[in-house]
Amino acid sequence: QVQLVESGGGLVQAGESLRLSCAASGIIFRINFMGWYRQAPGNERELVAGFTSDDNTNYADSVKGRFTISRDNAKNTLYLQMNNLKPEDTAVYYCNFRRLSAINYWGQGTQVTVSS
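Parameters and conventions
Residues numbered from 1 in each chain as written. Predicted model: local features only at pLDDT ≥ 70, side-chain atom pairs only at ≥ 80, totals over all residues. Heavy atoms only, no water. Salt bridge = Lys/Arg side-chain N within 4 Å of Asp/Glu carboxyl O. Helix = DSSP H or I, 4+ residues; strand = E, 2+ residues; numbered from the N terminus. Buried < 20%, exposed > 50% of the residue type's maximum accessible area, 1.4 Å probe, protein only. Pairing = 2+ DSSP bridges. Axes fitted to C-alpha atoms, helices over the stretch in contact; angles between N-to-C directions. Disulfide = S-S within 2.5 Å. Phe/Tyr/Trp six-rings, centres within 6.5 Å; stacked < 30°, edge-to-face > 60°.

Q: Describe in detail the pattern of salt bridges, supporting the description with residues and values.
A: Tallying each qualifying case throughout the model produces five salt bridges. Here Arg 38 makes a salt bridge to Glu 46, at a shortest N to O gap of 2.7 Å. Among the salt bridges present, the one from Arg 38 reaches Asp 89, with a minimum N-O distance of 3.0 Å. Placement of Arg 38 in strand S4 (residues 31-39) and of Asp 89 in the loop between strand S8 (77-82) and strand S9 (91-99) is noted, with a sequence separation of 51 residues between them. Exposure remark for Arg 38: the relative accessible area of 6% places this residue in the buried category.

Q: Explain the sheet that holds strand S3 (residues 18-26) to me, and be specific about the residues and the numbers.
A: The sheet built from four strands is open, its strands ordered S1-S3-S8-S7 with antiparallel pairing. The outermost strands of the open sheet, each flanked by one partner alone, are strand S1 (2-7) and strand S7 (67-72). Across the sheet, the mean angle from the axis of one strand to that of its neighbour is 15 degrees, orientation sign disregarded.

Q: Kindly report on the state of the cysteines, identifying the contributing residues and their values.
A: All told, the structure shown has one disulfide when counted by the stated rule. Between the sulfur of Cys 22 and that of Cys 95 lies a disulfide, 2.1 Å long from S to S. In this structure, the disulfide formed by Cys 22 and Cys 95 twists by about -80 degrees around the S-S bond and is classed as left-handed. One end of the pair, Cys 22, is in strand S3; the other, Cys 95, is in strand S9, with 73 residues separating them in the sequence. This pair shows no difference in class: Cys 22 is buried, exactly as Cys 95 is.

Q: Go over the side chain of Ser 21 with me, naming the residues and quoting the values.
A: Here Ser 21 shows up in strand S3. By relative accessible area, Ser 21 is classed as buried at 17%.

Q: Got a sec to walk through the packing of aromatic side chains? Specific residues and values, please.
A: In this structure the tally under the stated criterion is two aromatic pairs. The interplanar angle of 70 degrees and the centroid separation of 5.1 Å between the aromatic rings of Tyr 37 and Trp 106 together place this pair among those described as edge-to-face. Here the residue Tyr 37 occupies a position in strand S4, and Trp 106 occupies one in strand S10 (residues 104-106), the gap between them amounting to 69 residues. By relative accessible area, Tyr 37 is classed as buried at 16%. Classification of Trp 106 as partly exposed rests on a relative accessible area of 36%.

Written as structure tokens, this is what we have:
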């Protein structure tokens with residue numbers, strides 16, 4: 001099992017920044033993907049940013065140039081630096097780890113609200 005706990009969400013104004021953190025614990029091995037998803041009311045959950053198994057990163061087109069995913073392996077923590085936030089970034093943000101076996105682990109989510 002892998003436990004994921006997100007933090008760092010909040011209410012900000014457009015143009016401001018937030019940094020999300022995802023602390024992982026448990027049996028962390030054979031993870032071939034780790035990343036951030038988000039879900040706004042009435043919308044499907046969408047990938048925001050992620051690390052693939054070969055350490056490449058990918059980003060949703062809507063956040064390229066504004067968001068940066070990073071990780072601290074020593075702390076088992078994943079981060080998402082979000083700059084120049086826009087009202088359309090408002091959503092619940094979820095941390096996701098996925099094993100080679102395709103088992104997914106999700107955090108509880110953290111709310112990000114951007115006012116105009």
